[in-house]
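Here is how the chains run, residue by residue.
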Amino acid sequence: MNIHEYQAKELLGAYGVPVPKFRVINNPWETYDALRDLGSGNIAIKAQIHAGGRGKAGGVKLASNAEEAIRLTEEMYGKVLITHQTGPAGKKVRKIMLSEAIPIAKEYYLAMIIDRLVQKPVMMASTEGGMDIEQVAAQTPEKIIVERLLSGVEISPYVGRKIAFGLGLTGKQAVELPKLVLNLCRLFVEKDCSLIEINPLALTPEGEFIAADAKINIDDNALARHPELRRLRDFEEEDPLEILARRYGVDYVKLDGRIGCMVNGAGLAMATMDLIKLAGGEPANFLDIKGGANKQNVVNAFKLLTADPRVEAVMINIFGGIVRCDMVASGIVEALHEIEIKIPIVVRIEGTNMAEGRQILNNAPFKFILADSLADAAKKAVAALPGGAS
Ligand code: GDP
Ligand code: MN
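Worth saying up front: this structure is predicted, and the values here are computed from it rather than measured.

S.K.: Can you help me understand the coordination of the manganese ion (ligand 2) in this one?
M.R.: Around a metal, the idealised angle for a tetrahedral arrangement of four donor atoms is 109.5 degrees; for an octahedral arrangement of six donor atoms it is 90 or 180 degrees. At this site the manganese ion (ligand 2) is bound by Asn-199 (O) and Asp-213 (OD), with donor distances of 2.2 Å. Remark: Asp-213 occurs in the loop between β11 (209-211) and β12 (215-218) and Asn-199 occurs in strand β10 (residues 193-203); sequence separation between them is 14 residues. The same class applies to Asn-199 and to Asp-213, which are both buried.

Structural data, given as structure tokens:
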């Protein structure tokens, strides 16, 4: 689960990581109150959208007085920001953070993620803060310090000291940064984060570290034990189809292709997407309808797939292992009595009672394109697209 910068800063603040004072507005008319609370200094105006790269897209502005802050806030509110992380459709600005603008002497980069290779949290830091870390990694990888944590739960001040040393810090900063790192580790572990990224971590002319930006992702699988975090989900920022999928209890990831996939089992769903690509097509989604391919699940899956206007053919790939193919076939036929599908449907069902399953599909008053292998199904799905794969 992705959360907003202001929510991330609230969490950081609660864990003792210095953040600037800020207010969040949901409407431009709230700007006055927010500015009164913030006092008379310079103000940073920051679009709260679930995407980075806002600075370059006009989503971060600095104002030196209240009048300018009001004007910039009004201009930003309701705008659609297109950054390298939003996709071409962009994201509409519905919330704006007004914050004390921090005077910045130097920008650092500090982040924590899970290193999947070693299955442990890893800390990353760089003196090249403020810019795209991907660019730093590509051009000057030696400028990124990587420190593995010994385990997920054991937090040692040693990590922070090594990072401070790696960044070339001395004096007060060499004492302060390890404390900050320790707090970050605590937050990461206690709140089951999958990412914390502070870019930039600002060093003020007075020599204080302060998080000028913050991005936090929480592990969805851990939300069951964090009711306090579940509330932070902003549905307006999420893909409506993925919200619907969560309600249906299926695993769904929207992609950009034209072939909607309906599969039981995550591994099979991945293999299905691979084979569609191999056949020259592009999957419109990953969808694991889980074990029970009953009528209701199939109806829900059809609803999900056809809610995506890009989907021009459906490929159903069900392996009857625990679930029987005749039951799956009946589920598909019953579903089609309930929901009208106008695009071609390719079906590959294999496994227990597969002959009976095919019989049911053949006898149904709907036109299916039956396939006799996974590769065959992928080819037929691509061929069924209006205009073919192109
Ligand atoms: P992002 O572009 O979405 O990552 O948004 P950031 O919050 O990182 O802002 C982009 C850039 O604006 C930062 O790299 C800073 O250089 C600058 N910036 C953001 N907040 C402040 C601030 O409080 N003071 C100053 N001086 N610059 C800021
Ligand atoms: Mn940033």
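S.K.: Would you mind going over the nonpolar core with me for this structure?
M.R.: Generally speaking, nonpolar side chains in soluble globular proteins are found buried as a group. Residues Leu-12, Met-123, Leu-177, Ile-196 and Ile-216 are the most contacted members of the largest nonpolar core, which totals 39 residues. Listing elements by their share of this core, those giving two or more residues are α1 (5-14), β7 (106-115), β8 (120-126), α5 (157-166), α6 (171-190), β10, β11 and β12. Tallying contributions element by element places α6 first for this core, with seven residues. In this structure Leu-12 touches Val-17, Val-19, Leu-184, Leu-187, Ile-196, Ile-198, Ala-211 and Ala-214, once residues within four positions along its chain are discounted.

S.K.: How should I be thinking about the pattern of salt bridges in this particular structure?
M.R.: Between side chains of opposite charge, a pair can form as their charged atoms come close. Inspection of every chain in the model, using the stated rule, returns 27 salt bridges. Here Asp-213 and Arg-54 are joined by a salt bridge, their closest N and O atoms 3.0 Å apart. One end of the pair, Asp-213, is in the loop between β11 and β12; the other, Arg-54, is in the loop between β2 (43-47) and β3 (60-63), and 159 residues separate them in sequence. Ionic pairing is found between Asp-376 and Lys-380, a salt bridge with its closest N-O pair at 3.0 Å.

S.K.: Teacher, can you tell me more about the site of ligand 1 here?
M.R.: Inspection of the region around ligand 1 gives 16 residues, with Lys-46, Arg-54, Gly-55, Ile-102 and Glu-107 positioned closest. One of the backbone N or O atoms of Gly-55 is found 2.8 Å from an oxygen atom in ligand 1. Between an oxygen atom of ligand 1 and a main-chain N or O atom of Asn-199, the distance comes to 3.1 Å. For ligand 1, whose accessible area on its own is 560 Å², the fraction buried by protein is 79%.

S.K.: Just to check I follow, could you spell out the packing of aromatic side chains for this structure?
M.R.: Within this structure, the stated rule accounts for two aromatic pairs. Measuring from ring centre to ring centre gives 5.8 Å for Tyr-108 and Phe-209, while their planes differ by 70°; the resulting arrangement is edge-to-face. In this pair, Tyr-108 is assigned in strand β7 and Phe-209 in strand β11, connecting sequence segments 101 residues apart. Geometrically, the ring pair formed by Phe-366 and Phe-368 is edge-to-face, given 6.5 Å between the ring centres and 70° between the ring planes. Overall, the relative accessible area of 25% leaves Phe-366 in the partly exposed class. The exposure class assigned to Phe-368 is buried, which follows from its relative accessible area of 13%. The lysine or arginine in question, Lys-106, covers the ring of Tyr-108, its NZ or CZ lying 5.2 Å from the ring centre.

Thresholds applied
Residues numbered from 1 in each chain as written. Chains lettered and ligands numbered in written order. Predicted model: local features only at pLDDT ≥ 70, side-chain atom pairs only at ≥ 80, totals over all residues. Heavy atoms only, no water. Donors = N, O, S within 2.8 Å, 3.2 Å for Na, K, Ca; no water. Helix = DSSP H or I, 4+ residues; strand = E, 2+ residues; numbered from the N terminus. Buried < 20%, exposed > 50% of the residue type's maximum accessible area, 1.4 Å probe, protein only. Core = buried A, V, L, I, M, F, W, Y, C linked by side-chain atoms within 4.5 Å. Contact = heavy atoms within 4.5 Å. Salt bridge = Lys/Arg side-chain N within 4 Å of Asp/Glu carboxyl O. Near = heavy atom within 4 Å. Polar contact = N/O pair within 3.5 Å; in protein donor to acceptor, adjacent residues only side chain to side chain. Areas by Shrake-Rupley, 256 points an atom, 1.4 Å probe, with all protein chains shown as cover. Phe/Tyr/Trp six-rings, centres within 6.5 Å; stacked < 30°, edge-to-face > 60°. Lys NZ or Arg CZ within 6 Å of the ring centre and 35° of its normal.

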